[in-house]
Amino acid sequence: MIINFPRRAHDHNWEMDPITRSLLDTDFYKLLMLQFIWKNFPKTQTSFTLLNRTASVRLADTIGLHSLLEQLEATRKLRFHKSELIWLAGNTFYGRRGMFEPAFLEWLERDFQLSDFELSVEDGQLSLCFSGLWTDTTMWEIYALAIIDELKTRASLKRLSELELDILYARAKTKLWEKMERLRGVPRLNISDFGTRRRHSFLWHEYVVKAMSDVLGAGFAGSSNTYLAYKHDLEAIGTNAHELPMALAAMATTDDELKSAQYRLLELWQQSYQGELLILLPDTFGTTQFLEGAPDWVADWTGQRIDSKDPYVAGDEYIAWLEKRGRDPRQKRLIASDALDVEQILGLHAYFGGTMQNGALPTDFRRASDFMDEKKWTPERRIRFSAGWGTFLTNDFRGCNPQGDESFNPVSLVCKLSDTDGRPAVKLSDNYSKALGNAEEIERYRRVFGTAGVADVPVLA
């Protein structure tokens, strides 16, 4: 798929170019969670709030409030197309047909409606909040983040001449190609695109996904973006996210209920989904405490996704926990997904996907030839390792701007659950820097869950 990005950016002169082209243009886990919420919590009220963790970037000074308002209103008017619903109904996801119930798909077609929103500016930052029924607010998260990221990109593109645009995209394509070259041919590689929420733009995202599929072949497992999976016949990848345990914890009325909410969620989830969708995300309130307190049946789940913890530490911790519970880690899946780039993917694959020989280190694996050296590595996996590649796959324009500034660098933007039925929601994470919620509630949660295994490291993306 060849797109003339410089020409398109230079000739961009139409008044309103919609960023959200389809309601499927979201992470697949959002649809899985929406069905779960529709089934279990149809009357629950929630709010989601935008937060820019890269506070040095004053987004409101870059993005016009009117442009953002137009894009949000255009997205709010979208409806699912019948062809999209037929695809959801008839397609096979994770080897299972009929993942989405007919009644849920009927509700999507007839009754689904994104909530209203509140938008303003506070000290150079965007203030954006979505409130209403949980079924009406949850989908806003990915749409809002993708819209703001692309508006930031468009504002930066307008400052470049046609020649500078050509150089920008030539450098970005070269960088992408160099990353793919290092990954091509690595045995048993398993990489998925997780980059919707932080992408440079929709068209660049599509270009990257198609390139990854063409170059890596079977090593590219699919995309978390449902629309791109639908359009390009790819596997739609995704399970669940932090908002589910955050919401159930917020509903708790006692400390005991608060501590057990993370496991009650798992019980509810496995009533709806099985197999490869039984992936733990234990870092919402701290991975170490989660594993220490987990009932034995949790070890029967298919795997774990690592988000905010050092993936080497978290993977070893999970493997040791499985072995202690009498489960074979080689049959489980480990998914790393936080701020990955090609170096981390290769190192983690070497560490978990095989056995490093003769004192080799993860940093010694820089391309496929390193994995072919039997004196260095043998493919005897410790666990089934997968990489969910996000920001630095779909939005790595660092060092590409011919004007030399960092205006195309990604920002750490999140849109998280802030309250449930009027009660504040909290995310602690395995990184102190990623804790979300009001300070008083964060401290209460830390008293209940503890801080074992929690680190304090910079947020990269």
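The text that follows walks through the structure, step by step, so that each part is easy to find. These numbers come from a predicted model, not from an experiment. (Residues numbered from 1 in each chain as written. Predicted model: local features only at pLDDT ≥ 70, side-chain atom pairs only at ≥ 80, totals over all residues. Heavy atoms only, no water.)

### Overview of the overall build of the chain
Inclusion rule: Under the scheme used here, helices are H or I runs from DSSP no shorter than 4 residues and strands are E runs no shorter than 2 residues, and both carry numbers assigned from the N terminus. Throughout this description, buried means an accessible area under 20% of the type-specific maximum (1.4 Å probe, protein chains only), exposed means over 50%, and partly exposed covers the range between. Any two residues whose heavy atoms approach within 4.5 Å at even a single point are treated as in contact. Surface accessibility in these figures is a Shrake-Rupley result with a 1.4 Å probe; residues are shielded only by whichever protein chains are displayed. A positive count includes Lys and Arg, and a negative count includes Asp and Glu. His and the chain ends are not counted in either. Lys charges are placed at NZ, Arg charges at CZ, Asp charges at CG and Glu charges at CD.
Secondary structure summary: the chain contains 19 helices and 15 strands in total. By principal-axis analysis of the C-alpha atoms, the chain measures approximately 60 × 55 × 45 Å. Across the 461 residues that make up the chain, the buried fraction comes to 58%. Restricting the contact set of the chain to residue pairs at least 6 apart, pairs at least 24 apart contribute 78%. Of the accessible surface of the chain, which amounts to about 18600 Å², a share of 49% is contributed by carbon and sulfur atoms. Once the 56 positive and 65 negative side-chain charges of the chain are each reduced to a mean point, those two points are 3 Å apart.

### Topic: the side chain of Glu150
You can see Glu150 is positioned in helix H8 (residues 140-157). In this structure Glu150 comes out as buried when scored by relative accessible area, which is 6%. In this structure Glu150 touches Ile19, His200, Ser201 and Phe202, once residues within four positions along its chain are discounted.

### Here's the deal with the sheet that holds strand S6 (residues 191-193)
The line we're drawing: Strand pairing requires that DSSP identify at least two bridges connecting the strands. Axis geometry follows a simple rule: fit a line to the C-alpha atoms, using only the stretch in contact for helices, then measure angles between N-to-C directions, giving values from 0 to 180 degrees.
Across the sheet, which stays open at both edges, the 6 strands sit in the order S7-S6-S13-S10-S9-S8 with parallel pairing between neighbours. Looking at which strands have only one partner, the edges of the open sheet turn out to be strand S7 (220-223) and strand S8 (279-280). When strand S9 (residues 303-306) meets strand S10 (residues 333-336), the two strands line up parallel, connected through 4 bridges. Paired with Gly303 across the strands is Arg333, a residue of S10. Taken strand by strand, helix H16 (residues 342-352) contacts S6, S10 and strand S13 (384-389), and its axis lies near 170° from that of S13.

### Comments concerning helix H4 (residues 65-76)
The condition that has to hold: Expected span, for any helix, means 1.5 Å times one less than how many residues it has. An arc is given here, and it is the one of the directions from the helix axis to the C-beta atoms.
In this model, H4 (12 residues) spans 16 Å end to end at C-alpha, consistent with the 16 Å of a helix rising 1.5 Å per residue. When we look at burial in H4, the residues that qualify are Leu68, Gln71, Leu72 and Thr75. Down the axis, H4 shows its buried residues gathered within 95° of arc, on one side only.

### Quick notes on the pairing of S10
The side chains of a regular strand alternate, first on one face of the sheet and then on the other. Counted only if it meets this: Consider the strands pointing away from the viewer: the crossover is right-handed when the path from the first strand over the helix to the second runs clockwise.
In S10, alternate side chains face the same way, and those of Arg333 and Ile335 on one face and Leu334 and Ala336 on the other are all buried. Once the chain exits S9 it traverses helix H15 (residues 311-324) before rejoining the sheet at S10, and the crossover so formed is right-handed. Where S10 and S13 come together, 4 bridges link them in parallel fashion. Counterpart to Arg333 in the pairing with S13 is Arg384.

### Quick word on the packing of helix H13 (residues 255-272) against helix H19 (residues 439-449)
Inclusion rule: The scheme is simple: roughly parallel for angles under 35 degrees, roughly antiparallel for over 145, roughly perpendicular for 65 to 115, oblique for anything else. We call Asp, Glu, Lys and Arg charged. Ala, Val, Leu, Ile, Met, Phe, Trp, Tyr, Cys and Pro are nonpolar, and the rest, Gly among them, are polar.
Following both chains from N to C, one finds H13 and H19 inclined at 80°, their axes separated by 10 Å at the closest point. By the angle between their directions, the pair H13 and H19 is classed as roughly perpendicular. Along its contact with H13, which presents Asp255, Leu258, Lys259 and Gln262, the element H19 presents Arg444, Tyr445, Val448 and Phe449. Of the residues belonging to the contact of H13 with H19, the class tally is 4 nonpolar, 1 polar and 3 charged.

### Some details on the nonpolar core
Our working rule: The set of buried Ala, Val, Leu, Ile, Met, Phe, Trp, Tyr and Cys residues whose side-chain atoms join them within 4.5 Å is what this entry labels a nonpolar core.
Judged by nonpolar contacts, the single largest core of 145 residues is most densely connected at Leu88, Phe100, Leu108, Trp269 and Trp389. Residue contributions to this core peak at 10 residues, all from helix H10 (residues 202-216). Leaving out residues up to four positions away in the same chain, Trp269 has contacts with Leu32, Met33, Phe36, Thr239, Asn240, Leu244, Leu277, Leu278 and Trp301.

### Examining the sheet that holds strand S15 (residues 423-424)
With antiparallel pairing, 5 strands are arranged side by side in an open sheet as S4-S5-S1-S14-S15. Each of the sheet's edge strands pairs with one partner strand only, and the pair in question is strand S4 (117-122) and S15. Two elements, S4 and strand S5 (residues 125-133), share 6 bridges in a ladder whose sense is antiparallel. Across the sheet, the residue bridging to Phe117 is Phe130, located in S5. Packed on one face of the sheet, H4 meets S4 and S5 and runs near 165° to S4. Contacts between H8 and the sheet are confined to strand S1 (45-52), S4, S5 and strand S14 (413-420), with S14 contributing the most and set at about 150° to the helix.

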